[in-house]
Amino acid sequence: KKYHWELKFCEKVLIELAKPKYHPVAWPFMTAVDPVALNIPTYHSIIKKPMDFGTMKTKLDQGEYENAKEFETDARQVFQNCYRFNPHSDPINHAGHQFEAIFDSEWAK
Ligand SMILES: Cc1ccc(Nc2c(-c3ccc(O)cc3)nc3c(C)cccn23)cc1
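Residues numbered from 1 in each chain as written. Predicted model: local features only at pLDDT ≥ 70, side-chain atom pairs only at ≥ 80, totals over all residues. Heavy atoms only, no water.

**Structural notes on the layout of surface pockets**
Computed from the structure, the largest pocket encloses a volume of approximately 370 Å³. Forming the boundary of the largest pocket are 18 residues, of which Pro28, Val33, Leu38, Asn86 and Ile92 lie nearest the centre. Counting residues per element, the lining of the largest pocket draws most heavily on helix α5 (residues 68-85), which supplies 4 residues. Of the residues in the lining of the largest pocket, the class split is 13 nonpolar, 3 polar and 2 charged. (1 Å grid on protein atoms, 1.4 Å probe; cavity = no way out; pocket = protein on both sides within 12 Å on 5 of 7 lines; lining within 4 Å. Points joined across faces, edges and corners; volume = space filled by probe spheres on them. Helix = DSSP H or I, 4+ residues; strand = E, 2+ residues; numbered from the N terminus. Nonpolar A, V, L, I, M, F, W, Y, C, P; charged D, E, K, R; others polar.)

**With respect to unusual backbone geometry**
Trans peptide bonds make up the majority, and among non-glycine residues the majority have a negative phi. The phi dihedral of Asn39 is positive, around 55 degrees, even though this residue is not glycine. Within the element layout of this structure, Asn39 appears in the loop between α2 (23-26) and α3 (43-46). Taking relative accessible area as the criterion, Asn39 reaches 62% and is therefore assigned exposed. (Buried < 20%, exposed > 50% of the residue type's maximum accessible area, 1.4 Å probe, protein only.)

**Topic: helix α4 (residues 53-61)**
The complete set of buried residues in α4 reads Phe53, Met56, Lys59 and Leu60. Buried residues along α4 cover an arc of 110 degrees about the axis, so they all sit on one side. For α4, the side-chain oxygen to backbone nitrogen distance between the N-cap and Gly54 is 2.9 Å, and the N-cap itself is Asp52. Positive phi shows up at Gly63, right after α4, with a value of about 70 degrees. (Arc of directions from axis to C-beta. Polar contact = N/O pair within 3.5 Å; in protein donor to acceptor, adjacent residues only side chain to side chain.)

Everything listed here is a matter of coordinates, which is why it stays silent on function.
The structure is reproduced here in structure tokens:
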């Protein structure tokens, strides 16, 4: 089916983004933000739709995406959450922009 090919592409993108060479910019976005561990108790009052690439992998493996568009929507949510919560000056905000550029490059292939 059409969707099957689209989801294979999503899996391929995740495998690429999880490579060690991207870890310096990818690491804050590969697992769910833990407000207790990070001492940011306001996180869930500011960010209404938490998302991360680890959760996206689980959703993909569990068949929770119907198409590539739904997958991309979650990816964009990761970056929007990062820019909303982390000040422009914060290194995490900068890492988000760098990692989004890597995602965009893979997504355009
Ligand atoms: C006091 C303070 C300030 C900034 C942060 N940002 C931050 C985030 C983060 C990622 C995505 C996101 O939507 C929001 C936050 N992830 C981290 C990690 C893994 C380590 C250190 C900082 N981190 C943490 C604590």
